[in-house]
Amino acid sequence: MTTRQSLHSLAAVTLLTIAACGGGNDAASDASASTDSSAPVRVVEVTMADIRFGTESLAVAAGETVEFRFTNDGEIPHDAFIGDAAAQAQHDIEMAGMDGHDHAMPGGVTVQPGATESLTYTFEDAGELEIGCHQPGHYSAGMKIDVTVG
Ligand SMILES: [Cu+2]
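Owing to the predicted nature of the structure, the values given are computational and were not obtained by experimental measurement.

A.B. asks: Account for the overall build of the protein, naming residues and giving values.
C.D. replies: Tallying secondary structure elements over the protein gives three helices and nine strands in all. When burial is assessed residue by residue, the protein has 21% of its 150 residues classed as buried. Here the contacts in the protein between residues at least 6 apart in sequence split such that 74% fall between residues at least 24 apart.

Here you go:
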């Protein structure tokens, strides 16, 4: 019993280690093995450049869970924040007040130059969402992806 418990703990630590190393090339090959969810997760790779996303629009199914992998090919940090247009506008105001400093961002990630960050999101309801970058001035410059959930 004790042995089984420690094996279980070891497995948990291994999974945490893989998660902490997200973005490395080695982690990518293990991603499917570390996914416990029964629902298949679609992986969408998105590049970021100064100042735009490599993808302008995306269609997903209502209820679909997507693992985004944002790779920043630019020379400045970029964000990816998922929400409807009203949430984007609100978030842009909040970020402007923080001078672009990193902060906890539910539904979003900040990606440093040269880095890759994963963001897993379940699109519950049909509608129009956006993925916006809220580094100062980026969203208003059009750094966003239109997401159609249907
Ligand atoms: Cu940006």
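A.B. asks: An account of the sheet that holds strand β1 (residues 42-49) is requested, with residue identities and associated values reported.
C.D. replies: Here we have four strands laid out as an open sheet, ordered β2-β1-β4-β7, and mixed in their pairing. The open sheet has two edge strands, β2 (52-53) and β7 (116-122), and neither has a second partner. Pairing of strand β4 (residues 65-72) with β7, which is carried by seven bridges, proceeds in the antiparallel orientation. From the neighbouring strand, Phe68 faces β7, where its bridge partner is Leu119.

A.B. asks: How would you explain the nonpolar core if you had to name every residue and give the values?
C.D. replies: Core analysis: the biggest nonpolar cluster contains 16 residues, and Phe70, Ala80 and Ile131 have the highest contact counts within it. Mapped by element, the contributors of at least two residues to this core are β4, β5 (78-83), β8 (127-132) and β9 (144-149). Top element by residues in this core is β5. It accounts for three residues. Not counting chain neighbours up to four residues away, the residues in contact with Phe70 comprise Val46, Met48, Ala80, Val109, Val111, Thr116, Glu117 and Leu119.

A.B. asks: Could you give an account of unusual backbone geometry, with specific residues and numbers?
C.D. replies: The step from Asp50 to Ile51 runs through a cis peptide bond, and the omega angle for that step is 0°. Checked against the element boundaries, Ile51 lands in the loop between β1 and β2.

A.B. asks: An account of helix α3 (residues 85-96) is needed here, citing residue identities and associated values.
C.D. replies: For α3, with 12 residues, the first-to-last C-alpha span of 17 Å sits near the 16 Å given by 1.5 Å per residue. If you check which residues of α3 are buried, you get His91, Asp92 and Met95. Here the buried residues of α3 occupy an arc of 105° about the axis, which is enough to place them on one side. Of the exposed residues in α3, the ones pointing more than 90 degrees away from its buried face are Ala86, Gln90, Ile93 and Glu94. Packed against the buried residues of α3 are β5.

Analysis parameters
Residues numbered from 1 in each chain as written. Predicted model: local features only at pLDDT ≥ 70, side-chain atom pairs only at ≥ 80, totals over all residues. Helix = DSSP H or I, 4+ residues; strand = E, 2+ residues; numbered from the N terminus. Buried ≥ 20, exposed ≤ 12 C-beta atoms within 10 Å, placed from the backbone. Contact = placed C-beta atoms within 7 Å. Pairing = 2+ DSSP bridges. Core = buried A, V, L, I, M, F, W, Y, C linked by C-beta atoms within 7 Å. Expected span 1.5 Å × (residues − 1). Arc of directions from axis to C-beta.

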